[in-house]
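# Examination of the molecular architecture
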Amino acid sequence: MVESLAPADAPSGNWVDRYAPPRVRPLLRMARLDRPIGWWLLLLPCWWSAALAASAVERSVDIWQLLLFLVGAIAMRGAGSVWNDIVDRKLDGQVERTRGRPLPSGQVSVGTAAAFASGLSLIGLAVLLQFNWFAVALGFCSLIPVAVYPYMKRVTDYPQAVLGLAFAWGALMGWAAFHAEVGLAPLMLYAGTILWVIGYDTIYAMQDIEDDAIVGIRSTARAYGPDAPRLVLLCYLGAVGLIAGALVAAAADFPSWAGLAAFGLHLAWQVSRIDMARPEVALKLFRSNRNAGLLLFAGLVVDSLT
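Residues numbered from 1 in each chain as written. Predicted model: local features only at pLDDT ≥ 70, side-chain atom pairs only at ≥ 80, totals over all residues. Heavy atoms only, no water.

## Topic: the pattern of salt bridges
In the structure shown here, the tally under the stated rule is 8 salt bridges. The shortest N-O distance in the salt bridge between Arg35 and Asp34 comes to 3.1 Å. By the burial criterion, Arg35 is buried, and Asp34 matches it. For the salt bridge of Glu280 with Arg278, the shortest nitrogen-to-oxygen distance reads 3.1 Å. (Salt bridge = Lys/Arg side-chain N within 4 Å of Asp/Glu carboxyl O. Buried < 20%, exposed > 50% of the residue type's maximum accessible area, 1.4 Å probe, protein only.)

Following this line, the structure appears as structure tokens:
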């Protein structure tokens with residue numbers, strides 16, 4: 001058993017490498033706690049939806065719900081990542097960027113990984129049970145795309161679409177937690193968020209095109225090749241348009257529209273900077289989607305407060 005290096009896409013000097021005891025570092029890495037961008041991208045649609053749900057009835061956003069979504073996103077992002085690593089452990093060992101992960105490098109057994117994923121899932125369940133029963137049932141439905149996603153990269157050029165179904169689920173959950181139902185506004189927000197996920201994950205997949213071709217991993221980045229930036233642009237345009245429809249359906253006011261405008265400008269900036277010959281640029285652009293999402297969230301929150 002060997003000590004693996006920090007993953008290539010982990011921020012340098014992250015807290016796991018600096019402060020966590022060596023024995024638990026592999027588990028924390030499997031949960032991607034050294035790479036917070038994952039749980040941010042899972043969390044932001046929850047926050048968007050919660051803020052939009054509040055502003056639709058001229059109430060302030062529920063801080064307690066935002067905190068619950070934060071804990072739930074961190075736990076479930078971790079559980080989903082461990083599940084993904086269990087399924088992909090043989091493929092990960094053949095890809096330069098992922099061969100140092102705890103499972104393919106031999107630091108953690110499959111049994112330990114499964115137990116760890118179960119523990120994280122129980123935390124997520126405890127959070128989910130704090131909401132109304134409609135939201136609880138809706139939350140359980142999210143497990144379907146989460147469970148099948150790791151297999152999709154073997155059978156379709158569009159695994160990013162399945163990832164979108166999972167990562168965008170929060171766009172339904174925030175509204176459901178507030179109103180105990182879903183309607184046109186959250187459904188349009190969900191559809192727009194799916195396109196946002198496909199766009200940013202296509203950028204992320206640009207890092208691995210050569211290795212993915214060798215081991216047979218499929219992705220939108222591989223399928224579209226030089227036209228992948230155009231796909232990202234179309235997804236981002238669709239995302240902005242559908243989220244605009246959600247704002248109309250929720251009778252949102254100026255602050256929400258200002259947040260959407262800032263979000264759209266950030267996405268346009270990303271597209272203008274794509275360079276498929278430079279994987280490090282793709283990673284930076286992918287990570288920048290946290291800031292894009294926070295711009296939209298800020299507008300929605302101000303709307304709910306005013």
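## Structural notes on the environment of Leu125
Tracing the sequence through the fold places Leu125 in helix α5 (residues 110-128). Overall, the relative accessible area of 30% leaves Leu125 in the partly exposed class. Taking the C-alpha atoms as reference points, Leu125 and Ala75, separated by 50 residues in sequence, lie 9.4 Å from one another. (Helix = DSSP H or I, 4+ residues; strand = E, 2+ residues; numbered from the N terminus.)

## Regarding the nonpolar core
Side chains of nonpolar character tend, in soluble globular proteins, to be buried together. Ranked by size, the top nonpolar core spans 79 residues in total, and within it Trp48, Leu52, Phe69, Trp196 and Phe263 carry the most contacts. Element by element, the count of residues in this core is highest for helix α3 (residues 37-56), at 15 residues. By size, the runner-up hydrophobic cluster in this structure holds 10 residues, among which are Met30, Ala79, Ile86 and Leu120. (Core = buried A, V, L, I, M, F, W, Y, C linked by side-chain atoms within 4.5 Å.)

## Thoughts on a nonpolar patch on the surface
Taken together, the side chains of Leu122, Leu125, Leu129, Trp133, Phe140 and Leu143 define a hydrophobic patch exposed on the protein surface, amounting to about 630 Å² of accessible area. Of all the elements in the fold, those that place two or more residues in the nonpolar patch are α5 and α6 (133-141). With respect to the helices and strands, the residue Leu143 is situated in helix α7 (residues 143-152). (Patch = residues over 30% accessible without salt bridge, like charges linked within 9 Å, V, L, I, M, F, W, Y side chains within 5 Å. Areas by Shrake-Rupley, 256 points an atom, 1.4 Å probe, with all protein chains shown as cover.)

## Quick word on the packing of α3 against helix α4 (residues 63-92)
The interhelical angle for the contact between α3 and α4, taken along N-to-C directions, is 150 degrees, at an axis separation of 9 Å. Here α3 is positioned roughly antiparallel relative to α4, judged by the angle of their axes. For the element pair α3 and α4, the recorded crossing hand is right-handed. Listed contacts from α4 to Gly38, Trp39, Leu42, Leu43, Cys46, Trp47 and Ala50 of α3 are Leu66, Phe69, Leu70, Ala73, Ile74, Met76 and Arg77. (Axes fitted to C-alpha atoms, helices over the stretch in contact; angles between N-to-C directions. Parallel < 35°, antiparallel > 145°, perpendicular 65-115°, else oblique. Left-handed = near helix turned anticlockwise from the far one by under 90°. Contact = heavy atoms within 4.5 Å.)

## Observations concerning α3
With 20 residues, α3 should cover 28 Å at 1.5 Å per step; its first-to-last C-alpha distance of 29 Å lies within 8% of that length. Of all the bends in α3, the greatest reaches close to 25 degrees and is centred on Leu43; the proline Pro45 follows between one and four positions later. Backbone geometry just downstream of α3 places Glu58 in the positive-phi region, at approximately 55 degrees. (Expected span 1.5 Å × (residues − 1). Bend = angle between axes of the 7 residues up to and from the residue.)

## With respect to the side chain of Ser55
Within the element layout of this structure, Ser55 appears in helix α3. There is a polar contact of 3.1 Å between the side chain of Ser55 and the backbone oxygen of Leu52. Those residues in contact with Ser55 that lie beyond four places of it in its chain are Asp303 and Ser304. (Polar contact = N/O pair within 3.5 Å; in protein donor to acceptor, adjacent residues only side chain to side chain.)

## Let's talk about the packing of aromatic side chains
Taken as a whole, this structure holds 13 aromatic pairs when the rule is applied. Their ring planes at 50 degrees and their centres at 4.5 Å tell us that Tyr204 and Phe286 sit as a pair that is tilted. In this pair, Tyr204 is assigned in helix α10 (residues 184-205) and Phe286 in helix α15 (residues 279-287), connecting sequence segments 82 residues apart. Here the two residues Tyr204 and Phe286 agree in accessibility, since each one is buried. One aromatic cluster is present, formed by Trp48, Trp196, Tyr200, Tyr204, Phe263 and Phe286 through successive ring pairs. Here the basic side chain of Arg290 rests over the ring of Trp40, its NZ or CZ set 5.8 Å away from the ring centre. (Phe/Tyr/Trp six-rings, centres within 6.5 Å; stacked < 30°, edge-to-face > 60°. Lys NZ or Arg CZ within 6 Å of the ring centre and 35° of its normal.)

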